[in-house]
Every structure is written in C-alpha cells, then in structure tokens.
There are 2 protein chains.
Amino acid sequence: MDFKAELTSAKEEVESIVTSYLPKEEGLQKTVASAMAYSVNAGGKRLRPVLMMSIYKMFGGNSSNKSIAAFMAAQEFIHTYSLIHDDLPAMDNDDFRRGIKTNHKVYGEAMAILAGDGLLNYAYETALKAVSYNEINGDTLLKALDVLATKAGIYGMVGGQVVDVETEGKDNDYDTLDFIYRLKTSALLESSMMIGAILAGASDEEVKKIELIANKVGIAFQIQDDILDIEGDEAVFGKPVGSDAKNGKVTMASKMGLDKAHAEVKKLTDEAVIILESLGYEHEFVKELLLSLINRKK
Amino acid sequence: MDFKAELTSAKEEVESIVTSYLPKEEGLQKTVASAMAYSVNAGGKRLRPVLMMSIYKMFGGNSSNKSIAAFMAAQEFIHTYSLIHDDLPAMDNDDFRRGIKTNHKVYGEAMAILAGDGLLNYAYETALKAVSYNEINGDTLLKALDVLATKAGIYGMVGGQVVDVETEGKDNDYDTLDFIYRLKTSALLESSMMIGAILAGASDEEVKKIELIANKVGIAFQIQDDILDIEGDEAVFGKPVGSDAKNGKVTMASKMGLDKAHAEVKKLTDEAVIILESLGYEHEFVKELLLSLINRKK
C-alpha cells in the first residue's frame, strides 16, 4: 500500500464531495451562501470526512452509495461553523485563519454569526439529503443523525468549547483538561468515525469500539498539538510555536511535562491500535491514517 | 367550545413540555445549560409549539404519544436560539427582551453565542429523542426532521434574517419585503404546523395545504405587527409603538398604507380559513387560534 498516494486521493475525493454540497450562491440570500462557502473553501485537513470515509470503507460500506457523502459534508460543515464562531471578536477575536482573513473580517460580524448558524443548520439539511437517495434504511440514518447531533452539542463539541472559554487562563486540573480534550477535540472525531461505521452496517458493539478508538486518538491528537506548540519547528508546524505559554494557557503537555506527554501520546496510540486490530478488518490505511495524525510534526 | 379556556390549557401543557426537555443544569457545562434555560424560560407566546400541537390534534394524532412533544420542544428551541443571536451587539444590540435582560447581558457575549449554538444543535438532539419512543416509524420522523431543518435554515428563517440585516434602512420593494416576511416569520409557522400534520399521519397533499395556510397566516401576522406598530395602543401592544418609523424601517403596512394593509390581512386570513375548512376536519380550535393571531391588538 502506498499510504501517501492513497491519502492524497482520499483528500481529493473528500474535497470534491464537501464543496459539491455547498448551497448555490444565488437568490436574495446569496451573501450568506457566499460567506458559508468562503470558510468551507478555506481548506484545512478535511480530517473528519476523511476519517468517516476510511472507516466506512474498512467496514465494507458500498462505495457507490451517496449517503456517506452527505454525512461527510455535514460533518465538515459542523466543524467549519465552529471555527467561524470561535474566531468572532467576542470569542478568540482572530483576524486570520489558514492564511486568509477570518469570516467576520470579510463579511462583518452579523453575517459571520448568521453564516455560522446557517452552516450548522445546513449540516442537518445536508445529512437529511441521504433520505432521498433511498440507499440506507431510515432507522440506520436516524442512528447516524443522532450521533452527528449528540457529539456536536453541549455534551460534545459545544460543551468542550464552553468549558475552554470559561476556564481561560486558569490552572485547570487534569479532569478539566481531559473534559475539554474529550469534548472539544475527540467528540467530532468520534462522530465522524462512528457514522462511517454505522452507515456501513457495523454492529452496535463495533460502533462502540470505534468510538473508543476515536476518543483515544482525539486526546492523543490534542496532546501532540500541545507538544508541537512547545517543541515544534515553526516552519514545519505552520503556526507560531509557544503561543500557549505566551497566552498563559495550561495544556496537558505543559502540565505533565514533555517526557510524560510523549509517553501519554504513545500509550493512547498503542491502545487505539490494539482495539482497531481486534476488530479483524483490513485496517492498514486506517491505522496509517491514525498514526499520521498522532506522529505529525504539523 | 370555550376557546380562551382551551388556549390557556394548551399553553400550560406546552409550557410544561418545553421546559421538561431542557438539558440538566449540571456538570462542567452547567453554565451553557443555564444560559439556554434562561432564554427558554423567558416565556413568550409559545406560538409555534401551540400551533404544532393543535394541528396534530386536528389530524387525529394520538394524544398519548410523546414524539410530538419532542418536536414541540425542538421547534421552540430553534425559535429561542434565533432570538438570542438576534439580540447580540453585532445584530440588533438589544439589552432587554420580554422585560428581562437579554442573554448576552447576563451571560456575556461569548456564552450567548455558544448558548445559541447549543440550543440550535440541541433542537435536533431533542427531536431525535422521538426515535427512542418507538411510536412513529422512522421514515415519518425523517420527513418531520427534514421540514424542521429546511424551514430553519438559509432557505427559511436564517435566510429571512440575512436579507433583513442586509437591507436595513433601505426602501425595500414588495418582492423583498415578501421574501423577508415569508422566510423570517412564516417559515417557522409552516414547519410547526406541517410537523404537527406529518406526525399525525396526514397525507402529503394535506401537508402541502397546511404549509400554504401557515404561509398566509405568517405574512398576515407580520403585517398585523406592522399595523400595530403604527396605530396600536402602546399599553395593550406591550412594546413601544412607532419604532419602525423611528428606525426608518420600511414595512408592508407603511409601504401600502393602513387601509390596504388591513385589507391584505383580511384577504390572507380569509384564504387561509377557506383552505382550512376544505380539509374537512373538526377545526374550530385551530380556526379560532389563527384568527386570534391575526386579529390581535398585542
């Protein structure tokens, strides 16, 4: 297997899927559609839909089905809306993301709020397009929708964001940091991978294992981010290092120290891989993908 | 039929249903749950869930089913999130709503943004609870979810809000005003009434008629609001009159004049009632309810 070539091809496929589901930039509500497209088109790793597709394929999901594509786009829309709102002046007040101006810097604050709202809502509209494809039974689609919603809300991503905002600048204990990492980072990785499994017809027990894998990978991913912020090579990392320390942000890595942080990333990764192998599917691409997330330098 | 007594009892039932679906104010994400509850508990007419329930009953929906309750709460959560975000400094910048401080005045702007996001997402989490009740088949629930989502997004409420924000202070033509009224006001009345019909088992043709009724009632409701802003009795209306003129806001009523506006409300109402009667169900309560919305003085 040529992992790099496969990953590049997967990313290209995801890119074309996600953008194909954007609303048409026409009619009186053209501006909000453009604002939504602006942030979705800003790129990024497309990590969540790539994960969803790879797990779907691992479980033998029918590759000619369009339903998985609708959910992949929906998941990326949820991720993107959260970035638009995170960047707002009342939140992180960021002027740039991924090298271009943030949504509110281009479209104004009111439109950025509405573009985020529109994109979150459009995620559900998009996932529900799968109904009209008539490929997957209604109960399975409802199960996937339930995971999509639960992991994005106050018991998932929004909940993590809330606690992150509330405890800003505080010396959080491990339980609080773990809560933030699980909800803010792992939750959407969990839903991405779980939905891939559900739509491919995996059993409830298998979906549970996938959730656990994603949970561990998400936390490891975030700790790796902390590590890179401390010891990363700015030119490779692609963003300024040392920003956590400068902002007085306590992270898992800064709290436990680099040696322990590296060990924790390795421990979580090993555990995730063992569960993945126990599932008994052809998993080489997924394994390489998870390892690439965790062992990354950027 | 004692309409007033029935309406009071319907409102009480709705009140207890909506609040029963609020998330528990506990755990690390307690603050966002409290912020969400604060705005939901601020009251209001509960018009959307009351309409949903009344149409559900008109079509003979099983009154011991809980599924309709989940959708009623979901619909009210969507309405409430839109108010929280509308009140933000970057939008209408309102300090008070329904006589109490707006969400961001109590919880701060960042938390109000997140409470709105949380509430919109929680609407879908709440509607999806109907799956676990096992009362209504999956395909019907998916149809109801699709209506809930479509009418709330950029082709519904958010779309209306976007155009309203963009054309602020402009001398909008009738087409633009009609667009705003249909999307900003009618859309959620349409979904409320359509979902009531869908979950009660109404046919596609019946649901289409209900959509048309709600569309007309929504526009009439909004023109009546314009009228009351011009000629209403401030003590009865419950909010300052003349605010549209003061803010340079062009409305249907100010554009067509009071006589034509009154006539338009009557025309839309008559049309809505004729369609309602053509459906052939026992509709006295629904009819009284629609008339009360349109003939109101407050």
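Note that the structure is a prediction, hence the values are computed from the model and not measured.

**With respect to the overall build of chain A**
Within chain A, the secondary structure is distributed over 16 helices and two strands. The C-alpha radius of gyration computed for chain A amounts to 19 Å, which stays within 12% of the reference 19 Å derived for 298 residues, consistent with globular compactness. Considering only C-alpha atoms, chain A reaches an extent of 50 × 50 × 35 Å along its principal axes. Put simply, chain A has 298 residues, and 51% of those count as buried. Of the contacts made within chain A by residues no fewer than 6 positions apart, 72% connect residues no fewer than 24 positions apart.

**Description of the interface of chain A and chain B**
Contacts between the two partners involve 43 residues from chain A and, on the opposite side, 43 residues from chain B. Those elements giving two or more residues to the side of chain A that touches chain B turn out to be α2 (30–40), α6 (109–127), α8 (138–152), α9 (157–166) and α10 (174–200) of chain A. Here the element with the most residues in the side of chain A that touches chain B is α6(A); it accounts for eleven residues. Taken together, the residues that form the side of chain A that touches chain B break down as 26 nonpolar, eleven polar and six charged.

**Things to note about the relation of the copies chain A and chain B**
The transformation that overlays chain A on chain B combines an axial shift of 0.0 Å with a rotation of 180 degrees, and the residual RMSD is 0.0 Å. Both chain copies can therefore be described as sitting about a two-fold axis. Judged by C-alpha distance, G138(A) is the residue of chain A that lies nearest the rotation axis, at 2.6 Å. Most of the interface of chain A is mirrored in chain B: 100% of its interface residues are interface residues there too.

**Considerations on helix α3 (residues 47–58) of chain B**
Residue and element names in this part refer to chain B. If you check α3, its first and last C-alpha atoms are 16 Å apart, about what twelve residues at 1.5 Å a residue would give, namely 16 Å. Burial runs high along α3: ten of the twelve residues are buried. What α3 keeps buried is the set R48, P49, V50, L51, M52, M53, S54, I55, Y56 and M58. Of the surrounding secondary structure, the elements contacted by the buried residues of α3 are α1 (3–20), α4 (67–87), α10 (174–200), α11 (204–231) and α16 (284–294). At the C-terminal side of α3, G60 shows a positive phi close to 75 degrees.

**Let's talk about the confidence of the model for chain A**
In the predicted model, chain A carries a mean pLDDT of 95, and 100% of its residues have values of at least 70. In the predicted complex, the global pTM is 0.97; the interface-specific ipTM is 0.97.

**Brief notes about unusual backbone geometry**
For residues that are not glycine, phi is negative in most cases, and the peptide bond is trans in most cases. Even without being glycine, R46(A) reaches a positive phi, approximately 55 degrees. One can find R46(A) in the loop between α2 and α3 (47–58).

**Focus on the packing of helix α4 (residues 67–86) of chain A against α8(A)**
Residues and elements named next belong to chain A. Taken N-terminus to C-terminus, the directions of α4 and α8 make an angle of 10 degrees; their axes are 11 Å apart at the nearest point. Accordingly, the angle class assigned to the pair α4 and α8 is roughly parallel. Across the interface between the two elements, F71, A74, Q75 and I78 of α4 pack against A144, L148 and A152 of α8. Counted by class, the contact of α4 with α8 contains six nonpolar, one polar and no charged residues.

**Section: the environment of S64(B)**
Residues and elements named next belong to chain B. Take S64: it is sitting in the loop between α3 and α4. You can call S64 exposed: it has 6 C-beta atoms within 10 Å. For the pair S64 and E135, spaced 71 residues apart in sequence, the C-alpha to C-alpha distance is 9.9 Å.

**Notes on helix α15 (residues 258–278) of chain B**
Side chains that are three or four residues apart share a direction in an α-helix, a result of its 3.6 residues per turn. Residue and element names in this part refer to chain B. A rise of 1.5 Å per residue sets the reference length of α15, with its 21 residues, at 30 Å; its end C-alpha atoms lie 30 Å apart and thus fit the reference within 8%. All of the buried residues along α15 are A261, V265, L268, T269, A272 and L276. End-on view of α15: buried residues confined to an arc of 100 degrees, all on one side of the axis. Summarising the geometry of α15, the exposed residues directed more than 90 degrees from the buried face are D259, A263, D270, I274, E277 and S278. Against α11, α14 (252–256) and α16 lie the buried residues of α15. Just downstream of α15, G280 is the residue with a positive phi angle, here 80 degrees.

**Some remarks on the nonpolar core**
With 194 residues, the main nonpolar core has F71(A) and F71(B) as its most contacted residues. Residues in contact with F71(B), not counting those within four places in the same chain, are M52(B), A127(B), A130(B), A144(B), L148(B), I195(B) and L199(B).

**Remarks on the environment of E135(B)**
Residues and elements named next belong to chain B. Tracing the sequence through the fold places E135 in the loop between α7 (129–133) and α8 (138–152). Along the sequence, E135 and M91 sit 44 residues apart, while their C-alpha atoms lie 41 Å from each other. Here E135 is in contact with N65, K66 and S67, once residues within four sequence places are set aside.

**Topic: the environment of I294(A)**
Note on placement: I294(A) falls in helix α16 (residues 284–294). Apart from the residues lying within four places of it in its own chain, the contact partners of I294(A) are V217(A), A220(A), F221(A), Q224(A), V265(A) and T269(A).

How each quantity is defined
Residues numbered from 1 in each chain as written. Chains lettered and ligands numbered in written order. Predicted model: local features only at pLDDT ≥ 70, side-chain atom pairs only at ≥ 80, totals over all residues. Helix = DSSP H or I, 4+ residues; strand = E, 2+ residues; numbered from the N terminus. Rg over C-alpha atoms; globule rule 2.2 N^0.38 Å. Buried ≥ 20, exposed ≤ 12 C-beta atoms within 10 Å, placed from the backbone. Contact = placed C-beta atoms within 7 Å. Nonpolar A, V, L, I, M, F, W, Y, C, P; charged D, E, K, R; others polar. Least-squares fit on C-alpha atoms with pLDDT ≥ 70 in both. Expected span 1.5 Å × (residues − 1). pLDDT = per-residue confidence, 0-100. Axes fitted to C-alpha atoms, helices over the stretch in contact; angles between N-to-C directions. Parallel < 35°, antiparallel > 145°, perpendicular 65-115°, else oblique. Arc of directions from axis to C-beta. Core = buried A, V, L, I, M, F, W, Y, C linked by C-beta atoms within 7 Å.

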